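Here is what each chain is made of, one letter per residue.
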Amino acid sequence: MSELKSFSEFRARRFLLDQLMRPVKAGRIVHAQLFEGPDGTGKRTAARLLARSMNCTGAGDKPCNACPSCLQFLSGNSPNLIEIFPEKNTIRIGSVRDEILKKISLRPDKGKLFILINEADKMNENAQNALLKTLEEAPEYAVFVLLTDKAGALLQTIQSRCALFRFAPLSEDEVYEILKANGIDDARAKEAAKTSEGSPGRALERIRNESYKDLLNRALNAIQSVHRKSDAAQAFLKIQDDKDAGWEILEIYEYFARRMMLGEMGEDKRLKGSKLLQSVINAKKQLKANVAYQSVMEILFFDVAGQEETIHGNGNRRPL
């Protein structure tokens, strides 16, 4: 999503953002905060708005987006923001030491030093212990915000030092409104909202990513080619190069199953949506447990073929 200019643009999160801003308006800063929720539900957007608001020097509603501090944030050049991302799916102690510990000792000329840790659950144990020590001894001008979809992966001692804000998935209508506000045409916004799982960020990424349309077609072609158990291995070949998109493929199948359950895919179906849905849920559990991608998909296809009905192609399939 494009950088929001004010909290009023974040209508779907009004109550939560009021909670975030209440201490700021009262001059009471919460120095460690934990934003938990699925990817694409606005955690990073809210955190960056909060950082800008805390450092805004303009009059009236904050952020004003006109003072020198706001302009620095909007340009991506603010000295008051330290942002950490995983490298190779991990945040190591070196990142905490070099990006946080060394810089936090230097007080900013004005305002608060805002430390934003994306995918905080990707910190290894050493990195978490280093961060914990920093939280315990943090200077009053430092504000930490940790973003995660799995707060339970963080040390309990880190969790206990943070104010927790939950970013639940949005409703389909709320996602639709956000997509429309971002310039997406009505038909695409409606279709993308249906498959978003409450994540406007994910929906926008998919709409703007042409390769997702190709993935969608490959995934559905694969599962629709399964009629017998002996088809499972051949079906996998259609998606064998999509290992990095394994979770997205399962989400496609989950959406497909739910539409079948609602009767949106027509009556001419040989696989009940409820049975497909259960198979997909099992496949997701296996993928989370680090079962090999090929094994997960072939087991899923084997289950599909072994069920009472099977999926076949129809005119209802519409890529985003």
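Whatever comes next refers back to the structure up there.
Residues numbered from 1 in each chain as written. Predicted model: local features only at pLDDT ≥ 70, side-chain atom pairs only at ≥ 80, totals over all residues. Heavy atoms only, no water.

**A closer look at helix H9 (residues 200–208)**
Phase 1 of the analysis: Within H9, 7 of the 9 residues are buried, leaving the element largely enclosed by the surrounding structure.
Phase 2 of the analysis: Pro-200, Gly-201, Arg-202, Ala-203, Leu-204, Arg-206 and Ile-207 are the residues of H9 that are buried. (Buried < 20%, exposed > 50% of the residue type's maximum accessible area, 1.4 Å probe, protein only. Helix = DSSP H or I, 4+ residues; strand = E, 2+ residues; numbered from the N terminus.)

**A closer look at the pairing of strand S4 (residues 142–148)**
Phase 1 of the analysis: Most of S4 is tucked away: 7 of the 7 residues are buried.
Phase 2 of the analysis: The sheet contact formed by strand S1 (residues 32–36) and S4 spans 5 bridges and is parallel. By the bridge assignment for S4, Leu-34 is matched with Leu-146.
Phase 3 of the analysis: Strand direction decides the pairing type here: strand S3 (residues 113–117) and S4, joined by 5 bridges, are parallel. (Pairing = 2+ DSSP bridges.)

**What to know about the sheet that holds S1**
Phase 1 of the analysis: Taken together, 5 strands build an open sheet; the order of strands is S2-S3-S4-S1-S5 and the sheet is parallel. This sheet does not close on itself; its edge strands, each paired only once, are strand S2 (81–84) and strand S5 (163–166). Going from strand to strand, the sheet's axes swing by 15° on average, the running direction of each strand aside.
Phase 2 of the analysis: Lying over the sheet, helix H5 (residues 125–136) contacts S1, S3 and S4, oriented at roughly 145° with respect to S4. (Axes fitted to C-alpha atoms, helices over the stretch in contact; angles between N-to-C directions. Contact = heavy atoms within 4.5 Å.)

**Details of unusual backbone geometry**
Phase 1 of the analysis: With an omega of 0°, the peptide bond between Lys-62 and Pro-63 qualifies as cis.
Phase 2 of the analysis: With respect to the helices, strands and loops of the structure, Pro-63 is situated in the loop between helix H2 (43–55) and helix H3 (68–75).
Phase 3 of the analysis: At Glu-119, a residue that is not glycine, the phi angle is positive and equals roughly 50°.
Phase 4 of the analysis: Turning to its location among the elements, Glu-119 is positioned in the loop between S3 and H5.
Phase 5 of the analysis: The backbone phi angle of Glu-197 is positive, close to 55°, even though this residue is not glycine.
Phase 6 of the analysis: With respect to the element layout, Glu-197 can be found in the loop between helix H8 (186–194) and H9.
Phase 7 of the analysis: Using a relative accessible area of 35% as the deciding quantity, one classes Glu-197 as partly exposed.

**What about a negative patch on the surface?**
Phase 1 of the analysis: Taken together, the side chains of Glu-172, Asp-173, Glu-174 and Glu-177 make up a negatively charged region of the molecular surface.
Phase 2 of the analysis: Assignment of secondary structure puts Glu-174 in helix H7 (residues 172–181).
Phase 3 of the analysis: Judged by relative accessible area, Glu-174 falls into the partly exposed class, the value being 31%. (Patch = residues over 30% accessible without salt bridge, like charges linked within 9 Å, V, L, I, M, F, W, Y side chains within 5 Å. Areas by Shrake-Rupley, 256 points an atom, 1.4 Å probe, with all protein chains shown as cover. Salt bridge = Lys/Arg side-chain N within 4 Å of Asp/Glu carboxyl O. Lys, Arg positive; Asp, Glu negative; His and termini not counted. Charge placed at Lys NZ, Arg CZ, Asp CG, Glu CD.)

**Structural notes on helix H14 (residues 293–306)**
Phase 1 of the analysis: Look at H14: 20 Å from first C-alpha to last across 14 residues, which is about the 20 Å you get at 1.5 Å a residue.
Phase 2 of the analysis: For H14, the full list of buried residues reads Tyr-293, Val-296, Met-297, Leu-300, Phe-301, Val-304 and Ala-305. Projected onto a plane normal to the axis of H14, the buried residues spread over an arc of 165° and lie on a single side. (Expected span 1.5 Å × (residues − 1). Arc of directions from axis to C-beta.)

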